[in-house]
Amino acid sequence: LRTLPAESVYCVVTSPPYYGLRDYGVAGQIGLEETPAEYLEQMVAVFREVRRVLRDDGTLWLNLGDSYAGSASIGGAGLETAYTGKRSLPNKTGNGIKPKDLIGIPWRVAFALQADGWYLRQDIIWHKLNPMPESVRDRCTKAHEYIFLLSKSEKYFFDSEAIKELCQQDWGARNRENAKYHNEGTGLQPHSGLEKSYTTANKRSVWTVNPQPFAGAHFATFPPALIEPCIKAGCPAGGTVLDCFGGAGTTGLVADRLGRDAILIELNPAYAEMARRRIRDDAPMFADVTPLPLQRTGV
């Protein structure tokens, strides 16, 4: 991140390692800190540098799943059904967090970033129709995660037209019928602010997208349909999208399909090469996958 120019990307779409759920086997990885507080410190440090790289009118779309305290199994993140890494998981307790507590990692991160200067604009619910099964008997199976929309400034680029949804019914026509019914016999003419017939509406804050694993990866990946609206709304055609936790390269793949450039940062060299191959193979129309020189600078 420190090698990138200031204010050089339009938007950031990323999903950091979820806290305490997986060992990715690479030195310097994030997610296996001993306490949630240490994890939050890492997140704030990374996204403080992201804010420097982001344009003043840019946005951050941040996907995070949650974790349970004192457990080596998933807290509804949609990853592996159990921890399979080589290192032991952190205890994930302290500061009032008890065994079996839902830690609330997504909101803790969101509030920490807000306190560090980000504008916390919206929480978007990623609703999963076919979530990972959980053999729990004292709570419901988790079927959602969060995407937080954060901005660097009070006003920012957001193309709402690009992500509008089709209306399920003609709201204008329905409103005119209601006005006619209520004014009948009064001598008043039907009147309403919704007389115009609308076929589209603003995208809602609950996105139903099924998880879509990538066969080449043994870890969870973004479903392309989940991040497509983030890129459409957050980055104009020809602009640059950044994913600072690149993984299998889904952000780069979708950006390429939509005619945007992308910069991906990935700590694991094997994952980085997987992303390059995937983008070249799946998006031949635009893809020019050029590795940047590796400069280890601590972030």
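Undergrad: I'm lost on the side chain of R260 in this one. Help?
TA: Secondary-structure assignment places R260 in the loop between α5 (250–257) and β9 (261–264). The side chain of R260 is buried and forms no salt bridge, while D159, the nearest opposite charge, is found at 5.8 Å. There is a polar contact of 3.5 Å between the side chain of R260 and the backbone oxygen of P236. Apart from residues lying up to four places away in sequence, R260 is in contact with I231, K232, C235, P236, A237, G238, G239, V241 and A255.

Undergrad: Sorry, what's going on with the packing of helix α1 (residues 36–53) against helix α2 (residues 105–115) here?
TA: The relative placement of two packed helices comes down to the angle between their axes together with the axis-to-axis distance. Remark: α1 packs on α2, axes separated minimally by 10 Å, with the N-to-C direction vectors making an angle of 45 degrees. As judged from the angle between their axes, α1 and α2 are oblique. Seen along the crossing, α1 lies across α2 with a hand that is right-handed. Together, P36, Y39, L40, M43, V44 and F47 of α1 and I105, R108, V109, A112 and L113 of α2 make up the contact between the two elements. Within the contact of α1 with α2, the residues separate by chemical class into 10 nonpolar, no polar and one charged.

Undergrad: Looking at this structure, how should I read the pairing of strand β1 (residues 9–14)?
TA: One face of the sheet, then the other: side chains in a regular strand alternate in exactly this way. By the criterion of burial, β1 is predominantly enclosed, with five of the six residues buried. Relative to strand β2 (residues 54–64), β1 runs parallel, the two being bridged by five bridges. By the bridge assignment for β2, V13 is matched with W61. You can see the chain leave β1, run along α1 and come back into β2, and the turn it takes is right-handed. Here β1 runs beside strand β8 (residues 240–243); their pairing, made up of two bridges, is parallel. Counted as the bridge partner of C11 is V241 from β8.

Undergrad: Looking at this structure, how should I read the packing of helix α4 (residues 224–234) against α5?
TA: α5 packs onto α4 with a crossing angle of 60 degrees between their chain directions and a minimal axis gap of 9 Å. When the interaxial angle is binned, α4 and α5 end up oblique. The two elements α4 and α5 meet at a crossing, and its hand is right-handed. In this structure, α4 uses P224, I227, E228 and I231 to contact α5, whose residues at the interface are T250, T251, V254, A255 and R257. A breakdown of the residues in the contact of α4 with α5 according to their chemical character gives five nonpolar, two polar and two charged.

Criteria and cut-off values
Residues numbered from 1 in each chain as written. Predicted model: local features only at pLDDT ≥ 70, side-chain atom pairs only at ≥ 80, totals over all residues. Heavy atoms only, no water. Helix = DSSP H or I, 4+ residues; strand = E, 2+ residues; numbered from the N terminus. Buried < 20%, exposed > 50% of the residue type's maximum accessible area, 1.4 Å probe, protein only. Lys, Arg positive; Asp, Glu negative; His and termini not counted. Salt bridge = Lys/Arg side-chain N within 4 Å of Asp/Glu carboxyl O. Polar contact = N/O pair within 3.5 Å; in protein donor to acceptor, adjacent residues only side chain to side chain. Contact = heavy atoms within 4.5 Å. Axes fitted to C-alpha atoms, helices over the stretch in contact; angles between N-to-C directions. Parallel < 35°, antiparallel > 145°, perpendicular 65-115°, else oblique. Left-handed = near helix turned anticlockwise from the far one by under 90°. Nonpolar A, V, L, I, M, F, W, Y, C, P; charged D, E, K, R; others polar. Pairing = 2+ DSSP bridges. Right-handed = clockwise from strand over helix to strand, strands pointing away.

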